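Notes for the structure review
Take a look at the letters that make up each chain.
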Amino acid sequence: IPGKGKTEQRRVVPIRRNEVKLEEQAAQSDVIEFTDEANEMHRIGVIDIPTFYQDFEAYRNGNKNYRSTTRDVQRLIDELVAEGVEGLIIDLRDNGGGSLQEANQLTGLFIEYGPTVQIRSSASRVLRDGKRRKSNYYDGPLAVMINRLSASASEIFAGAIQDYGRGIILGERSFGKGTVQSLVALQEGQLKITESKFYRISGESTQHRGVLPDILFPSLFDPTQIGESALDNALAWDQITPIRFNRYNDYRLILPALTRLHRERAANDPDYVYLEDRVAVAQEARELTALPLMQSGRLAMLDDQDEKALAIENKRRVAKGLEPLTSLDDGESDAASEQGQENSKLEDATAARAEKQDSDVLLMETGRILVDAITLRPDTDVAKRGAPGTFGPIPRSP
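In this report, the structure presented in the accompanying data block is examined. Given the structure is predicted, the values throughout are model-derived calculations rather than measurements. (Residues numbered from 1 in each chain as written. Predicted model: local features only at pLDDT ≥ 70, side-chain atom pairs only at ≥ 80, totals over all residues. Heavy atoms only, no water.)

1. Considering the overall build of the chain
- A tally of helices and strands in the chain yields 11 helices and 10 strands.
- For the chain, the residues scored as buried account for 42% of the 398 residues in total.
- The long-range share in the chain, meaning contacts at least 24 apart out of those at least 6 apart in sequence, stands at 75%.
- Of the roughly 23,000 Å² of accessible surface on the chain, 50% is carried by carbon and sulfur atoms. (Helix = DSSP H or I, 4+ residues; strand = E, 2+ residues; numbered from the N terminus. Buried < 20%, exposed > 50% of the residue type's maximum accessible area, 1.4 Å probe, protein only. Contact = heavy atoms within 4.5 Å. Areas by Shrake-Rupley, 256 points an atom, 1.4 Å probe, with all protein chains shown as cover.)

Shown next as structure tokens:
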């Protein structure tokens, strides 16, 4: 045991770096189904993008079938449109970024053409990147989900979609990673230098502030501990000159109605209320400024936390017509028993997918908000549009 003098023992633990398979990071699609207040069924397509990736080696070797986020998402959109979904959700939660090129090209799948990002160097020179040629694009209803862990390339994409008015942004304020670093080789080691900053086409930086959603969801993340703003000496937010661009829709016109409908629905959703209660309990814990030194005091504090957790769990269960628990341990054993029964009965992919969707209350609420947006229809389109649901080829790299 280290630190115990003569009893200390040393051993070598070999660590082998495993190969990261692109398939495990690849974009995946799904379809969520739900009924509205009028008992009408709705089907919304969901594309989950864990990171912005590209098979650089295959691309450099001239392989025309190289894998990339944009190529995979294009295929998934084609499939979802063929299935007749009413709209799309791009899920960027926990997406920490990746290839800037892929973020730009992915945005190009949802706009006819135009800039997507501005990059200002330390010498104040500003470069602009984006979709330079007009082509068909998916012009159907769109929502983008982000959270506190959505960073860098995710913020470029979400910011561009928001600025163009191509879709509504839902979730939490994003990470705020709006800087570009490069590595300079030294005689020993490397030096990381921040050399430029990202800016939206509106001129606003994504640095420090991140992307603010149109509708905020409750978050269990502590923004004082997670995010660019939580780092020491993080560069501040600022602005540069915006680019002239057309807005496809002005969701600001219907945002008050969307927010009202969302809050009314969320107030009656036991799972959503349960999430809000958990956030409130977590916030109480963060505000503690003193801890008892006596063991009895610490144990009493833990018992109090367990009582609060049990109370909000039983509140949810009663609202859903389930029997309340006498302790949290009962809930864990019940969940394990139910999981075992479900695994024996639900072996097909459809049932497993439905179970996952039911547990993701924020995803389901995003689908309902998107349906509300489709119903309200912000009719302020000022950009040239293709036929509904049309989708065109990806702009190829030179």
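2. Some points on the sheet that holds strand β4 (residues 114-121)
- Sheet architecture is open: four strands sit in the order β5-β4-β9-β8, paired in antiparallel fashion. Here the strands that pair on one side only, and so sit at the sheet edges, are β5 (126-131) and β8 (179-185). Across the sheet, the mean angle from the axis of one strand to that of its neighbour is 30°, orientation sign disregarded.
- Sitting on the sheet, helix α4 (residues 100-108) touches β4, β5 and β9 (190-199), and the angle it makes with β4 is about 155°.
- Sitting on the sheet, helix α5 (residues 153-164) is in contact with β4 and β9, with an inclination near 125° to β4. (Pairing = 2+ DSSP bridges. Axes fitted to C-alpha atoms, helices over the stretch in contact; angles between N-to-C directions.)

3. Let's talk about the pairing of β5
- Looking at chain direction, β4 and β5 are connected through six bridges and run antiparallel. The partner of Q118 across the bridge, within β5, is R128.
- Between β4 and β5, which pair antiparallel in sequence order, lie four residues; one of them, S124, sits at a positive phi of approximately 70°.

4. Some words on the packing of aromatic side chains
- Evaluated as defined, the whole model comprises six aromatic pairs.
- Aromatic side chains Y137 and Y248 sit 6.0 Å apart centroid to centroid with 75° between the ring planes, which places their arrangement in the edge-to-face category. Taken together, the residues span a long stretch of sequence, with Y137 in the loop between β5 and β6 (142-146) and Y248 in the loop between β10 (215-216) and α6 (255-267) at a distance of 111 residues. Here the two residues Y137 and Y248 agree in accessibility, since each one is buried.
- Between Y164 and Y248 the ring centres are 6.0 Å apart and the planes differ by 70°, which places this aromatic pair in the edge-to-face class. Residue Y164 is found in helix α5, and its partner Y248 is found in the loop between β10 and α6; the two are separated by 84 residues along the sequence.
- Accessibility expressed as a relative area gives 2% for Y164, which makes it buried.
- Three or more aromatic residues joined by ring pairs make a cluster, and in this case those are Y137, Y164, F245 and Y248.
- It is R209 that lies over the ring of W237; its NZ or CZ is 3.5 Å from the centre.
- Its guanidinium or amino end placed over the ring of Y274, R316 lies 5.1 Å from that ring's centre, counting from NZ or CZ. (Phe/Tyr/Trp six-rings, centres within 6.5 Å; stacked < 30°, edge-to-face > 60°. Lys NZ or Arg CZ within 6 Å of the ring centre and 35° of its normal.)

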